[in-house]
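Below are the chains, spelled out letter by letter.
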Amino acid sequence: MLKEFREFAMKGNVVDLAVGVVIGAAFGAIVNSLVGDIIMPIIGAVTGGLDFSNYFIALSKKAAEATNLADAKKLGAVLAYGSFLTITLNFFIVAFVLFMVIRGMNQLKRKQEAAPAAPPKPSAEVELLTEIRDLLKKA
């Protein structure tokens, strides 16, 4: 097993995996900050400060008396579905933003594509045949 791991590491797969994990973690932190610190406050302002994070269903009588999630968790078992709603909403926001960015890039790429080039000049044989055809039509 040690020999197999050494061969695996020597092929560079471990380094590629490590780089992917680091880049993924950095991208995740950037996306979380973008959604949590920039996009969600704007959505909160539009929706009147609606916050899903405190939505829960109490599974015990004591927890049902609580007004917020933190207190409810101290008093008993709860289903904190607000966190799931928030994360799902964040996913859809990020997916929509990425869709819009990629769509914009594709539109720019299409605009940059040049018009098709003019067809190449016909060869001497084709020109001669065209002249003969035109002369025969006139006759």
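Cut-offs and rules
Residues numbered from 1 in each chain as written. Predicted model: local features only at pLDDT ≥ 70, side-chain atom pairs only at ≥ 80, totals over all residues. Heavy atoms only, no water. Helix = DSSP H or I, 4+ residues; strand = E, 2+ residues; numbered from the N terminus. Rg over C-alpha atoms; globule rule 2.2 N^0.38 Å. Contact = heavy atoms within 4.5 Å. Areas by Shrake-Rupley, 256 points an atom, 1.4 Å probe, with all protein chains shown as cover. Lys, Arg positive; Asp, Glu negative; His and termini not counted. Charge placed at Lys NZ, Arg CZ, Asp CG, Glu CD. Phe/Tyr/Trp six-rings, centres within 6.5 Å; stacked < 30°, edge-to-face > 60°. Buried < 20%, exposed > 50% of the residue type's maximum accessible area, 1.4 Å probe, protein only. Patch = residues over 30% accessible without salt bridge, like charges linked within 9 Å, V, L, I, M, F, W, Y side chains within 5 Å. Salt bridge = Lys/Arg side-chain N within 4 Å of Asp/Glu carboxyl O. pLDDT = per-residue confidence, 0-100. Expected span 1.5 Å × (residues − 1).

### Things to note about the overall build of the protein
Here is step 1: Helix and strand counts for the protein stand at 6 helices and 2 strands.
Here is step 2: Element order for the protein, N to C, with α for helix and β for strand: α-α-β-α-α-β-α-α.
Here is step 3: A compact globule built from 139 residues should have a C-alpha radius of gyration of about 14 Å, whereas the protein, at 32 Å, is more than 25% larger.
Here is step 4: Within the protein, contacts between residues separated by at least 24 positions form 39% of all contacts whose residues are at least 6 apart in sequence.
Here is step 5: Put simply, the protein shows about 11700 Å² of open surface, and 68% of that area lies on carbon and sulfur atoms.
Here is step 6: The average position of the 15 basic charges and that of the 12 acidic charges among the side chains of the protein differ by 4 Å.

### Some words on the packing of aromatic side chains
Here is step 1: Under the definition given, this model contains 2 aromatic pairs.
Here is step 2: Seen from their ring centres, Phe91 and Phe92 are 5.4 Å apart, and the 65° between their planes marks the pair as edge-to-face. Note on accessibility: Phe91 and Phe92 belong to one class, exposed.

### As for a nonpolar patch on the surface
Here is step 1: A contiguous nonpolar patch, built from Ile57, Leu59, Leu79, Tyr81, Phe84 and Leu85 and spanning about 590 Å² of accessible area, is present on the exposed surface.
Here is step 2: Broken down by element, the nonpolar patch gets its largest block of residues, 3 residues, from helix H5 (residues 81–112).
Here is step 3: Checked against the element boundaries, Ile57 lands in strand E1 (residues 57–58).

### Topic: the confidence of the model for the protein
Here is step 1: Here the protein averages 82 in pLDDT, while 94% of its residues score no lower than 70.
Here is step 2: Confidence, expressed as mean pLDDT per element, reaches its minimum in the protein at helix H1 (residues 2–10) with 74 and its maximum at helix H6 (residues 124–138) with 91.

### Considerations on H5
Here is step 1: For H5, which comprises 32 residues, the first-to-last C-alpha distance of 47 Å matches the rise-based estimate of 46 Å (1.5 Å per residue) to within 8%.
Here is step 2: When H5 is considered as a whole, its buried residues turn out to be Gly82, Thr86, Ile93 and Val94.

### Looking at H6
Here is step 1: The first and last C-alpha atoms of H6 sit 21 Å apart over 15 residues, in line with the 21 Å expected at 1.5 Å per residue.
Here is step 2: With 0 of 15 residues buried, H6 lies mostly on the surface of the structure.

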